[in-house]
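Each chain is listed here by its residues.
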Amino acid sequence: MTHFYESQTYVQASRHLDEACNWLHDIGINYSTTRLGRYQKVFSDLARCQLANAPDEFFQLHTFAEWVNAAHETSEIVRIYEGLRGNSDVNLTSRLRDALRGHELYVLDTDDRSGRDFTFELAVAAKFARHGFPINFGAEADVETKIGGVTFYVECKRLKSERKIQRRVKEGLKQLHGRYKASNDPGAARGILALSIGKTINSSLGLLEADDSESLGTKASLRNAAFIETYRKYWQKNIDRRTLGTFVVLDTPGMIRSEKKLVTVHEAAMNNSVPVGTPDYQLLVHVANNIFAKTT
């Protein structure tokens, strides 16, 4: 997939986060008591110190690990805001409240059903919504939408340990099968599995480093490719023909060494389960090129 790279100042990043927080407040969510409230404080201090040209002052208030953690976590929250801000739905509000649960530090969040699991689901929903696809937030599926008149489902799994990968993949595929059967037109329904692998391959939230943005994107792509090569046997075996394939998503903090710049890496890769050249494969490629290959 194509790599995109965008740069912004901490002042701009803080402003975007404030916009997301204001949106949450407007729909009735008291975000200030959640981990997001802490991230907002970190970015507010970052912006103030950048404007004052006083970076040392920031690190008197926060550690480098706190900075990395806040940058990593807020990037997904902002993507959700940018994709879903036009939606007004009580079910969306409920999901957002769930998404903000959990320990403020990524590495210390050990909840079995973490708020970050809901965050991943909403981030995927935001990708579809950002590009004009309607989301049914009241559905049992993690994401239910319509593509060209076809009911389309996505089951999202945020993988947290290697030993549970097979079980979690099997669970997602089983859920997709159930979604198809329960749909109004089971024969026409389609879907994909979406896997978040950041927690599995980078549980300590370490930095993925490279000399430039293109090299950083290539490194992330290689990690996704290696994951697919190792684990695709779990989602390619005895699969429902209506499940088009699997998307592997890697979110990780990164560092561009030549610029000494902290970045958030968001890389997706596709693995098809339907034959190349078929209408179902074309639908899968459409999803890849128009939704997962974008920056949001």
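Quick notes on the rules
- The residue numbering used here restarts from 1 in each chain and proceeds along that chain's sequence as written.
- Side-chain atom pairs in this predicted model are given and counted only at pLDDT of 80 or more, local residue features only at pLDDT of at least 70, and totals for whole chains, interfaces and linings cover all residues.
- Neither water nor hydrogens contribute to the side-chain values; these are computed over all heavy atoms in the structure.
- Secondary structure counts use DSSP, requiring at least four H or I residues in a row for a helix and at least two E residues in a row for a strand, with both numbered from the N terminus.
- Residue count minus one, scaled by 1.5 Å, sets the expected span of a helix.
- Each residue's exposure class comes from its accessible area (1.4 Å probe, protein chains only) as a fraction of the maximum for that residue type: buried when under 20%, exposed when over 50%, partly exposed otherwise.
- To obtain the arc, one takes the directions from the helix axis to the C-beta atoms.
- A contact between two residues is defined here by any heavy atoms of the two lying within 4.5 Å.
- To pair, rings of Phe, Tyr and Trp, with the six-membered ring standing in for Trp, must have centres within 6.5 Å; the planes then decide the type, stacked if under 30 degrees apart, edge-to-face if over 60, and tilted in the middle.
- The rule is short: NZ of Lys or CZ of Arg within 6 Å of the ring centre and within 35 degrees of the ring normal puts a charge over the ring.
- By the criterion applied in these results, polar contacts are pairs of N or O atoms within 3.5 Å in which, for protein atoms, one can donate a hydrogen and the other can accept it, and in which residues neighboring in sequence qualify only through two side-chain atoms.

Enquirer: Help me get a handle on helix α7 (residues 165-182), residues and values and all.
Expert: Working note: α-helix, 3.6 residues per turn, so residues spaced by three or four point in the same direction. Taking 1.5 Å per residue, 18 residues should reach 26 Å; α7 reaches 26 Å between its end C-alpha atoms and fits that length. Among all positions of α7, only Ile165, Arg168, Val169, Gly172, Leu173, Leu176, Arg179 and Tyr180 are buried. Take α7 and look down its axis: the buried residues cluster within an arc of 135°, on one side only. Exposed and oriented more than 90 degrees from the buried face of α7 are Arg167, Lys170, Lys174, Lys181 and Ala182. Tucked inside the fold, the buried residues of α7 contact β2 (150-158), β3 (190-196), α8 (198-201), α9 (213-236) and β5 (243-256).

Enquirer: Break down the packing of aromatic side chains for me, with residues and values.
Expert: As enumerated under the stated definition, the model contains 13 aromatic pairs in all. Centre to centre, the rings of Phe128 and Phe292 are 6.3 Å apart; their planes meet at 85°, and the pair counts as edge-to-face. Of this pair, Phe128 sits in helix α6 (residues 115-130) while Phe292 sits in helix α10 (residues 279-292), and the two are 164 residues apart along the sequence. According to the relative accessible area criterion, Phe292 is buried, its value standing at 3%. These aromatic residues form a ring-pair network of at least three members: Tyr10, Phe58, Phe59, Phe64 and Trp67. The ring centre of Tyr106 lies 4.7 Å from the NZ or CZ of Lys199, which sits over that ring.

Enquirer: Got a sec to walk through the side chain of Asp240? Specific residues and values, please.
Expert: Among the secondary structure elements, Asp240 is positioned in the loop between α9 and β5. Among the polar contacts listed, one links the side chain of Asp240 to the backbone nitrogen of Arg242, at a separation of 2.8 Å.

That is the geometry; function is a separate question.
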